[in-house]
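Spelled out, the chains give:
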Amino acid sequence: MPPNALVVTGRVTRADVPGLCAELEALLTGRPDAAVVDCDVGGVTHADLALVEAIARLGLVARRTGRARLRLRHASAELGVLLDLVGLADVVAHLRPDEE
């Protein structure tokens, strides 16, 4: 994974979101030139609206803190459908396995 990478695993709950955001802020501290932040969600066990909320907030943190764009790696098809359903598919970039 590149240096600007955050790995999310397990089942993400709403209680996890502030910690994930703080982790991303810490990752981006001192990297104001970061254009992209990779977020590996391949280890997430359950795609639901709590995960979508986490991704949305992480995207905001990336843009606010480092002026970076959040890019998902290893996103499941189920997560892609949820992001599309809530209107975030065009906001968060998805990397398909063949694009890596």
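Residues numbered from 1 in each chain as written. Predicted model: local features only at pLDDT ≥ 70, side-chain atom pairs only at ≥ 80, totals over all residues. Heavy atoms only, no water.

Colleague: Break down the pattern of salt bridges for me, with residues and values.
Modeller: All chains considered together, the criterion is met by six salt bridges. With its nearest N and O atoms 3.7 Å apart, the salt bridge here joins E53 to R57. Taken together, the residues span about one helical turn, with E53 and R57 both in helix α2 (residues 49–66) at a distance of four residues. Residues joined by salt bridges that share partners form a network here, namely R14, E53 and R57. (Salt bridge = Lys/Arg side-chain N within 4 Å of Asp/Glu carboxyl O. Helix = DSSP H or I, 4+ residues; strand = E, 2+ residues; numbered from the N terminus.)

Colleague: Before we move on, could you go through a nonpolar patch on the surface and cite the residues and values that matter?
Modeller: There is a patch of nonpolar side chains on the surface, built from L49, L85 and V86 and spanning about 320 Å² of accessible area. Within the fold, L49 resides in helix α2. (Patch = residues over 30% accessible without salt bridge, like charges linked within 9 Å, V, L, I, M, F, W, Y side chains within 5 Å. Areas by Shrake-Rupley, 256 points an atom, 1.4 Å probe, with all protein chains shown as cover.)

Colleague: With reference to specific residues and values, describe helix α1 (residues 17–28).
Modeller: Taking 1.5 Å of rise per residue, 12 residues should cover 16 Å, and α1 covers 17 Å from first to last C-alpha, within 8% of that figure. Buried residues of α1: V17, L20, C21, L24, L27 and L28, and no others. Within α1, the buried residues cover an arc of 120° as seen down the axis, which keeps them to one side. The positive-phi residue at the C-terminal boundary of α1 is G30, with phi of around 85°. (Expected span 1.5 Å × (residues − 1). Buried < 20%, exposed > 50% of the residue type's maximum accessible area, 1.4 Å probe, protein only. Arc of directions from axis to C-beta.)

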